[in-house]
Amino acid sequence: DAAPLCACHSRPRARGARARRPPMGGDGGTHLSAHVSALYASTALLSLALVWLSYRLHTLDQVRKPTYPRYVVLIRHAESEGNVDVDAYRTIGDPLIPLTARGRAQAEAMAHRLRELIGELRVWAFTSPYLRSRETASIALAQFPPGSYRLAEDPRLREQEFAGGFQHSVPDRSEQRLYSKFFWRFPGGESAADVYDRLSMFMDTLWRDMHRVDLSGSAVLIFAHGLTNRLFCMRWLHWSPRVFEQTRNPPNCGFLVLALQPADASGHPYYRLTAESVRQLGLPAELWAESELGDTLVMSDPAESAPSSWSLGLSRLHAPHVDCAALHAAGVRKLTPPTIAGGSGWRSRAGNGWRADGA
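The rules behind each value
- Residues numbered from 1 in each chain as written.
- Predicted model: local features only at pLDDT ≥ 70, side-chain atom pairs only at ≥ 80, totals over all residues.
- Heavy atoms only, no water.
- Helix = DSSP H or I, 4+ residues; strand = E, 2+ residues; numbered from the N terminus.
- Expected span 1.5 Å × (residues − 1).
- Buried < 20%, exposed > 50% of the residue type's maximum accessible area, 1.4 Å probe, protein only.
- Arc of directions from axis to C-beta.
- Contact = heavy atoms within 4.5 Å.
- Axes fitted to C-alpha atoms, helices over the stretch in contact; angles between N-to-C directions.
- Parallel < 35°, antiparallel > 145°, perpendicular 65-115°, else oblique.
- Left-handed = near helix turned anticlockwise from the far one by under 90°.
- Phe/Tyr/Trp six-rings, centres within 6.5 Å; stacked < 30°, edge-to-face > 60°.
- Lys NZ or Arg CZ within 6 Å of the ring centre and 35° of its normal.
- Nonpolar A, V, L, I, M, F, W, Y, C, P; charged D, E, K, R; others polar.
- Pairing = 2+ DSSP bridges.

Some details on helix α4 (residues 101-118)
Phase 1: Taking 1.5 Å as the rise per residue, α4 with 18 residues should run 26 Å; its terminal C-alpha atoms sit 26 Å apart, in good agreement.
Phase 2: Those residues of α4 that sit buried are Gly103, Gln106, Ala107, Met110, Ala111, Leu114 and Ile118. Along α4, the residues classed as buried sweep out an arc of 150° about the axis, all on the same side. Facing away from the buried side of α4 by more than 90 degrees, the exposed set consists of Ala101, Arg102 and Glu116.
Phase 3: In this structure, the buried residues of α4 make contact with β1 (71-76), β2 (122-127), α5 (131-141), β4 (218-224) and β5 (255-261).
Phase 4: Two residues or fewer past α4, Gly119 is found with a positive phi of approximately 60°.

Here it is, written out as structure tokens:
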């Protein structure tokens, strides 16, 4: 048999002889260096993983602890050319309607009222991109000290679209009252429900800002439009469409104030509409003072965690009064309580199938 070769030399190795370890300067040193390099790389990766984990834990901690602005103020734009002459929309696009001279004076006067409300608080301002809102914001914020505010445009705050183009005639609203002020859609335009949906997305953005930026000790100002601001309140305070339809637009440069309240027994702060805001909206006192609604029309739910995760409020649903004799006379033979799948209405079986009664 051929003698085995030595690991380090080309000559045959004697049987039973030990292989000599190669010198450190040879292949052995290369292997050791590779192991050391791998160890350094593993240590570096572990350090990066720990830094990332620490950041994520900090981020999650921030998510659990949002910062709340002292006020959220919804400001309607000042008087515009379209407010005094509806024919302006025939030749000027709705996004380009400017303020009147009177409107500019209104914006200056409104700025002083705002300063009285928020004092020296920092200001985070958002505006509709429509010219009349941008001009109102520019004039009002010019009364604040330089550097004390930040302003951003957001298209989701724009006015309800009435025609999707030039309005060569006054929009026909003849069917709106019969159908629903909330759900009826202008031909080629939007319904109030459409505006509600995009404002819900804006609120998600605002909520994320409450986690990413320290908004404590500040005020959020939103320069927008009458309908937009009412729908903002509807979304924030969980109004039903029926409640929304009983409100009216504030006047030009009127503003609605959601004021932060101290945490309740559950440990959650909440917002409340001021009495003046309720007056401007025209909410009937008997409506928001009803015992089954209480203050829920003017204050946010302290237990909510985020606008995008607000509950459906199933615990607050009230079963409508059921007139069994009238239902029997109408041919209803079975009545089941509301379910999540069936919505909030009562479901009855009458003749040709299921239908929803009440809401």
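Now, onward.
Some points on the packing of helix α7 (residues 192-212) against helix α8 (residues 226-237)
Phase 1: One can describe the packing of α7 onto α8 by two numbers: an axis separation of 9 Å at closest approach and a directional angle of 65°. Judged on the interaxial angle alone, α8 and α7 are roughly perpendicular. For the pair α7 and α8, the crossing hand works out as right-handed. From α7, Ala192, Val195, Tyr196, Leu199, Ser200, Phe202, Met203, Leu206 and Met210 reach across to α8, where they touch Thr228, Leu231, Phe232, Met234, Arg235 and Trp236.

Details of the packing of aromatic side chains
Phase 1: Taken as a whole and assessed by the stated rule, the structure comprises nine aromatic pairs.
Phase 2: Both rings, one in Phe162 and one in Phe186, keep their centres 5.0 Å apart while their planes meet at 85°; by these two values the pair is edge-to-face. Of this pair, Phe162 sits in the loop between β3 (149-153) and α6 (176-179) while Phe186 is found in the loop between α6 and α7, placing the two residues 24 residues apart along the sequence.
Phase 3: Since its relative accessible area comes to 1%, Phe186 is described here as buried.
Phase 4: Between Phe182 and Tyr196 the ring centres are 5.9 Å apart and the planes differ by 80°, which places this aromatic pair in the edge-to-face class. Of the two residues, Phe182 is situated in the loop between α6 and α7 and Tyr196 in helix α7; the sequence distance between them amounts to 14 residues.
Phase 5: Three or more aromatic residues link up through ring pairs in this structure, and these residues are Phe182, Phe183, Tyr196 and Phe244.
Phase 6: One residue, Arg115, lies across the ring of Phe144, its end atom 5.1 Å from the ring centre.

Considerations on the packing of α4 against α5
Phase 1: Contact pair α4 / α5: the axes reach a minimum separation of 8 Å and the direction vectors enclose 45°. The orientation of α4 with respect to α5, classified from their angle, is oblique. You can see that α4 and α5 cross each other, and the crossing is right-handed. Contacts between α4 and α5 involve Arg104, Ala107, Glu108, Met110 and Ala111 on the former and, on the latter, Thr136, Ile139 and Ala140.
Phase 2: Looking at the contact of α4 with α5, its residues break down into five nonpolar, one polar and two charged.

Let's talk about unusual backbone geometry
Phase 1: A positive phi angle, near 65°, is found at His238, a position not held by glycine.
Phase 2: Mapped onto the fold, His238 is located in the loop between α8 and α9 (241-244).
Phase 3: Notably, Cys253 is not glycine yet its phi reads approximately 70°, a positive angle.
Phase 4: Mapping Cys253 onto the fold places it in the loop between α9 and β5.
Phase 5: Residue class for Cys253 comes out buried when judged on its relative accessible area of 3%.

Some details on the sheet that holds strand β6 (residues 270-273)
Phase 1: Ordered in space as β3-β2-β4-β1-β5-β6, the six strands form an open sheet in which the pairing is mixed. Single-partner strands in this sheet number two, and they are β3 and β6. Direction aside, the axes of adjacent strands within the sheet are offset by 20° on average.
Phase 2: Sheet strands touched by α4: β1, β2, β4 and β5. Its angle to β1, the strand with the most contacts, is close to 170°.
Phase 3: Relative to β4, α5 is tilted by about 145°, and along the sheet it contacts β2, β3 and β4.

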